[in-house]
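The lines below spell out each chain.
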Amino acid sequence: MSITIQIPTPLRRFTAEQGEVQVDGATVGEALDSLTQRFPNLRRHLYTDDGTLRSFVNVFLNDEDVRHLKSGQTPVNAGDTLVIIPSIAGGAPTAIQTETEALPGLSPAEIRHYSRHLIMPEIGTAGQRKLKAAKVLMIGTGGLGSPLGLYLAAAGVGTLGLVDFDVVDETNLHRQVLFSDKDVGRPKTQAAAERLRGINPHIKIIAHDTRLESANALDLFKDYDLVVDGTDNFPTRYLVNDACVMLGKPNVYGSIFRFEGQVSIFWGAKGPCYRCLFPEPPPPGLVPSCAEGGVLGVLPGIIGSLQANEVIKLITGVGEPLIGRLVLFDALKMKFRELKLRKDPNCPVCSENPTQRELIDYEQFCGIAPHPETETMADDFEMTVQDLKRRLDAGEELLVLDVRNPPEYEIARIPGSKLIPLGELQDRLGELDPAATIVAHCHHGGRSANAVHFLRQMGFNRAINLAGGIDQWSLNVDRSVPRY
Ligand SMILES: [Zn+2]
């Protein structure tokens with residue numbers, strides 16, 4: 001039976017400049033064979049030596065990619081049109097290629113739900129069916145995970161996995177718009193799944209109420225087509241990257257801090273990975289977390305939405321994916337910058353000869369030893385807030401040293417405390433008396449523990465950490481001190 005094959009401009013020099021060729025065949029494979037028999041020079045542009053269709057050549061039957069049908073076995077009917085679409089320099093469509101079986105259809109209710117997608121030629125019914133077939137795993141349901149979850153669910157991503165082990169906290173609500181006040185204290189995955197099901201009843205939400213670790217990452221990732229990184233810490237970020245590289249899956253990356261954000265797609269099979277960009281993590285303490293440094297509430301909304309946009313593009317194959325490009329956003333200047341990223345030929349995980357072929361201990365890799373000081377920690381290393389209160393009430397001479405940042409001091413303070421932010425401590429040691437009893441505190445006790453280690457090294461032998469920080473003080477000593 002006669003079908004039409006459309007030849008793209010770059011390949012027409014092999015078909016005597018014909019843009020359309022009529023061929024016979026019962027399947028896509030037979031039709032292409034008949035084409036390459038007539039124009040033998042075309043064959044090596046379409047097929048590799050072992051006879052498989054080249055990865056950068058797409059063949060569409062009418063408006064469906066044959067890879068999503070039955071590839072070469074897909075039957076054709078008289079009057080059908082095959083379109084050959086090779087990649088072109090600068091902006092080749094790149095889509096995740098997952099299922100070879102037919103894409104799922106859309107019910108009348110789904111057609112109504114997605115009608116504003118369906119009438120766009122770039123998405124259309126084919127794109128919406130790809131979205132329905134797609135399985136996306138979101139790591140984290142926090143600031144970035146909120147817009148990601150809302151938009152990916154609304155857009156009709158058929159299977160959405162949510163990984164988080166945390167519960168909703170009051171301090172999350174200024175940016176984590178997935179949650180409402182009544183969700184405080186609930187597991188995030190549970191509250192998020194409920195909200196997302198309300199947005200789109202046509203999709204499947206899978207809640208993984210667990211901490212992502214080297215031991216479970218590969219198993220969790222393997223059932224998904226792509227992974228979206230919405231994490232807020234370096235060990236998890238490196239773990240997500242390495243697991244994605246090892247499984248060949250794209251990793252849609254976003255990160256935020258204060259007023260700045262970054263977005264990219266790391267996909268070892270098609271471009272650089274996170275390790276090509278940042279082979280080593282920053283030393284612990286150099287880059288504060290959002291819990292310490294803060295973040296503008298709307299910023300994850302912007303960055304997470306950009307990630308959602310890239311996810312939808314990867315699934316539908318439209319546009320130019322953010323592979324090999326890092327977008328930087330500055331909310332204060334309202335400026336975007338784009339950096340070109342290159343694959344590191346010596347990347348330990350995504351290069352041709354990787355030196356690391358398994359997942360490692362990422363806490364250790366990032367220099368976060370699990371409290372190495374506990375073994376060597378002296379009995380007098382820390383005191384409780386109740387102890388401090390008792391000793392202050394007894395009129396004992398001691399200095400309460402607050403090592404937080406000035407905006408935190410503005411929110412809440414322990415009366416009579418002296419503020420020296422941790423970052424300034426080294427330069428301002430002269431303000432402290434080495435013979436004095438110094439009780440250092442911060443928000444929860446982590447930064448002040450570092451301060452006490454440092455002070456003792458410098459000869460301040462009577463420096464003591466306040467366990468639990470000002471938060472414990474608010475809870476157990478003085479409830480008029482606001483918690484934050
Ligand atoms: Zn790499």
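Residues numbered from 1 in each chain as written. Predicted model: local features only at pLDDT ≥ 70, side-chain atom pairs only at ≥ 80, totals over all residues. Heavy atoms only, no water.

Participant: How do you make sense of the sheet that holds strand E6 (residues 135-139) when you look at a structure like this?
Facilitator: Pairing between the strands of a sheet is mediated by backbone hydrogen bonds and can be parallel or antiparallel. On the basis of which strands lie adjacent, the open sheet formed by eight strands has the order E8-E7-E6-E9-E10-E11-E12-E13 and mixed pairing. Looking along the sheet, the strands with just one partner apiece sit at the ends: strand E8 (204-208) and strand E13 (335-340). Across the sheet, the axes of successive neighbouring strands diverge by a mean angle of 15°, strand direction being ignored. Inspection of the sheet shows strand E7 (residues 159-163) paired to E8 by five bridges, in the parallel sense. Bridge pairing links Val163 to His208 in E8. The strands that helix H6 (residues 145-155) touches are E6, E7 and strand E9 (226-229); relative to E6, the one it contacts most, it runs at about 165°. (Pairing = 2+ DSSP bridges. Helix = DSSP H or I, 4+ residues; strand = E, 2+ residues; numbered from the N terminus. Axes fitted to C-alpha atoms, helices over the stretch in contact; angles between N-to-C directions. Contact = heavy atoms within 4.5 Å.)

Participant: Just checking my understanding: could you explain the pairing of strand E10 (residues 251-257) for this structure?
Facilitator: Along any regular strand, the residues point their side chains to alternate faces of the sheet. Here E10 lies mainly inside the structure; six of its seven residues are buried. Inspection of the sheet shows E9 paired to E10 by three bridges, in the parallel sense. Among the inter-strand pairings, Val228 is bridged to a residue of E10, identified as Val252. Between the parallel elements E9 and E10, the chain passes through helix H9 (residues 234-247) in a crossover that is right-handed. Sheet topology places E10 next to strand E11 (residues 260-266); seven bridges connect them, and they run antiparallel. Each residue of the ladder has a partner; that of Tyr253, found in E11, is Ser264. (Buried < 20%, exposed > 50% of the residue type's maximum accessible area, 1.4 Å probe, protein only. Right-handed = clockwise from strand over helix to strand, strands pointing away.)

Participant: Help me out: how do you make sense of the pairing of E7 in this one?
Facilitator: Counting buried positions along E7 gives five out of five residues, so the element sits mostly inside the fold. Of the two faces of E7, the one carrying Thr159, Gly161 and Val163 and the one carrying Leu160 and Leu162 are both buried. Where E6 lies against E7, five bridges are found, and the strand directions are parallel. The residue of E7 that forms the bridge with Leu137 is Gly161. Between the parallel elements E6 and E7, the chain passes through H6 in a crossover that is right-handed. Note that the unit made of E7, helix H7 (residues 188-199) and E8 has a crossover that is right-handed.

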